[in-house]
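Coordinates in review
Each chain is listed here by its residues.
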Amino acid sequence: FELSFEVPNDITGKYNVSVSSIDDYTEAICENPQMIEAWSYTHMSLTGSLEYMLSGESVILTGYVVDDLGGTLDGTVRVYVDEELKGTIDYNGTFEFNYTAPNTYDNVTVYLEFNYVGKKYYLPCSENIDIVVFRNATIEIKSEKNLVRPEDSIDLYVNLTSDKGYPIPGRFVKIYVIVDGVKDVVAEG
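The structure contained in this document is the topic of the report that follows. (Residues numbered from 1 in each chain as written. Predicted model: local features only at pLDDT ≥ 70, side-chain atom pairs only at ≥ 80, totals over all residues. Heavy atoms only, no water.)

A word on the overall build of the protein chain. Helices and strands together make up the secondary structure of the protein chain, namely 0 helices and 17 strands. Residues counted as buried form 25% of the 189 residues belonging to the protein chain. The contacts of the protein chain with a sequence gap of at least 6 include a subset with a gap of at least 24, amounting to 51%. Only carbon and sulfur atoms are counted for the fraction: they give 48% of the accessible area of the protein chain, which is about 13,300 Å². (Helix = DSSP H or I, 4+ residues; strand = E, 2+ residues; numbered from the N terminus. Buried < 20%, exposed > 50% of the residue type's maximum accessible area, 1.4 Å probe, protein only. Contact = heavy atoms within 4.5 Å. Areas by Shrake-Rupley, 256 points an atom, 1.4 Å probe, with all protein chains shown as cover.)

Structure (structure tokens):
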């Protein structure tokens, strides 16, 4: 006959599974228990990632690895840039990697890969990011009004793009007004 046994989803490790039978007349005990190992899948999450960046610019990527139940795992992450190992990070909870795009890059796609090595009873996982690196950026400012009076407010629309016309989101921009050589910040965002 066949028995079905479901391993609880909150356990990992090595277990002996044995069967015994007791009824009114006999007792049977399994003489060859089965060794079972319960492994958990893992998942990686990264923050601080970009789609586009400028050559020479740096970005700090932060990540963490969790098990099937969402529990944070410590361990080792290997970081590859364009398939070349750039570092191994041993971490406890979260990890960080600082990437600086080379100054010579222009319209180059950089492939970053983060591999959680795994550990006993926790399977490996990975996360990938593609970042397009450009050399120059253009800021375009538009407004609906070109003629204003003192104390009027004006809405400015700022568009930051690469020199190839691709948007560069997530950048902090300051807008200055220069009057008689004096620079004054009028907006930030």
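Position of Ser 55 among the secondary structure elements: in the loop between strand S6 (52–54) and strand S7 (58–67). With sequence-adjacent residues up to four places away left out, Ser 55 is seen in contact with Ala 101, Pro 102, Asn 103, Tyr 105, Val 133, Phe 134 and Arg 135.

Right, let's get into the pattern of salt bridges. Per the stated rule, a full pass over the model turns up 4 salt bridges. A salt bridge links Glu 37 to Lys 14; the shortest N-O distance between them is 3.7 Å. Here Lys 14 lies in strand S1 (residues 13–17) and Glu 37 lies in strand S4 (residues 34–38), a separation of 23 residues in the sequence. Note on Glu 37: relative accessible area 39%, which makes it partly exposed. Between Glu 84 and Lys 86 there is a salt bridge, and its shortest N-O distance comes to 3.3 Å. On the accessibility criterion, Glu 84 (47% relative accessible area) is partly exposed. Assessed through its relative accessible area of 45%, Lys 86 is described here as partly exposed. (Salt bridge = Lys/Arg side-chain N within 4 Å of Asp/Glu carboxyl O.)

Right, let's talk about the packing of aromatic side chains for a bit. Counting across every chain of the model gives 4 aromatic pairs. Through a chain of ring-to-ring contacts, three or more aromatic side chains come together here, namely Tyr 91, Phe 95, Phe 97 and Phe 114. (Phe/Tyr/Trp six-rings, centres within 6.5 Å; stacked < 30°, edge-to-face > 60°.)

Keep in mind that these numbers describe shape and distance, not what the molecule does.
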